[in-house]
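Each chain, written out:
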Amino acid sequence: VLNARARGQLVGLIGVEVLDLGDAGLRSRLALRPELLAANGYVHAAALVALADTTCGFGALAFLPDGARSYATLELSGSFVGTARDGAVLCAAVPAELGRQTQSWEAVCVAEGDGRRLAIFRCTQLVLY
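Each chain has its residues counted from 1, running along the sequence as written. Predicted model: local features are reported for residues with pLDDT of at least 70 only, side-chain atom pairs are reported and counted for 80 or more only, and whole-chain, interface and lining totals are derived from all residues. Excluding hydrogens and water, the side-chain values take into account all heavy atoms of the structure.

Visitor: Explanation requested: the sheet that holds strand 4 (residues 88-98) in the structure shown.
Guide: Remark on secondary structure: sheet strands pair via backbone hydrogen bonds, oriented parallel or antiparallel. Judged by pairing direction, the sheet is antiparallel, and its six strands sit side by side in the order 1-2-4-5-6-3 without closing on themselves. Strand pairing shows two members of the sheet lacking a second neighbour, strand 1 (16-22) and strand 3 (70-80), which therefore form its edges. Averaged over all adjacent pairs, the angle separating strand axes in this sheet is 20 degrees, with direction ignored. Pairing geometry for strand 1 and strand 2 (residues 25-31), over six bridges, is antiparallel. Bridge pairing in strand 2 links V16 to L30. It only takes one pair of heavy atoms within 4.5 Å for two residues to be counted as in contact. To obtain an axis, a line is fitted to C-alpha atoms, over the contacting stretch when the element is a helix, and the angle between two such axes runs from 0 to 180 degrees between their N-to-C directions. Only DSSP runs of H or I with at least four residues qualify as helices, and only runs of E with at least two residues qualify as strands; both kinds are numbered from the N terminus onward. Strands strand 1, strand 2, strand 3, strand 4, strand 5 (102-111) and strand 6 (117-128) of the sheet are contacted by helix 3 (residues 45-62), whose axis makes an angle of about 40 degrees with strand 6. Strand pairing follows a simple DSSP-based rule, namely that at least 2 bridges must link the two strands.

Structure, rendered in structure tokens:
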């Protein structure tokens, strides 16, 4: 359902794919291709931001409290600790706090091949009623 929702949106355009959703959170994947690289030949920071924000946002959507209809990102902070040129990036987002007005999510992006950490994010989502 979440992958279908991404079609025709930025998420679908860059190729974010939801892998699984469970009680612990949500996991996604982004296959790297030349269009997602920066001028230096490494994955563009904006691609990782989009992956993490999407993963946290879809997690928030899946964990909305009763009566809520959607979410909006209030804040996103990230630390880039590695990079990649090819392959794919996996992102795992877990809820840090699931409130009725806001949700806080933590996400980690890793290189699919060797598990190297590429970025760590924290997102705050506004719950919309």
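Visitor: For this particular structure, what's the right way to read the nonpolar core?
Guide: Soluble, globular proteins show a tendency: their nonpolar side chains are buried together. By size, the foremost hydrophobic cluster in this structure holds 35 residues, and its most contacted members are L30, L48, L51, V89, A107, C109 and F121. Those elements that provide at least two residues to this core are helix 1 (2-6), helix 2 (10-14), strand 1, strand 2, helix 3, strand 4, strand 5 and strand 6. Sorting elements by how many residues they give to this core places helix 3 first, with nine residues. Ignoring sequence-local partners within four residues, the contact set of V89 consists of S28, R29, L30, L32, L48, L51, C109, V110, E112 and L118. Grouping buried Ala, Val, Leu, Ile, Met, Phe, Trp, Tyr and Cys residues that are joined through side-chain atoms within 4.5 Å yields what is termed a nonpolar core. For every residue, the accessible area obtained with a 1.4 Å probe (protein chains only) is divided by the maximum for its type, and the residue is called buried under 20%, exposed over 50%, and partly exposed between those limits.

All we've got here are geometric facts, nothing functional implied.
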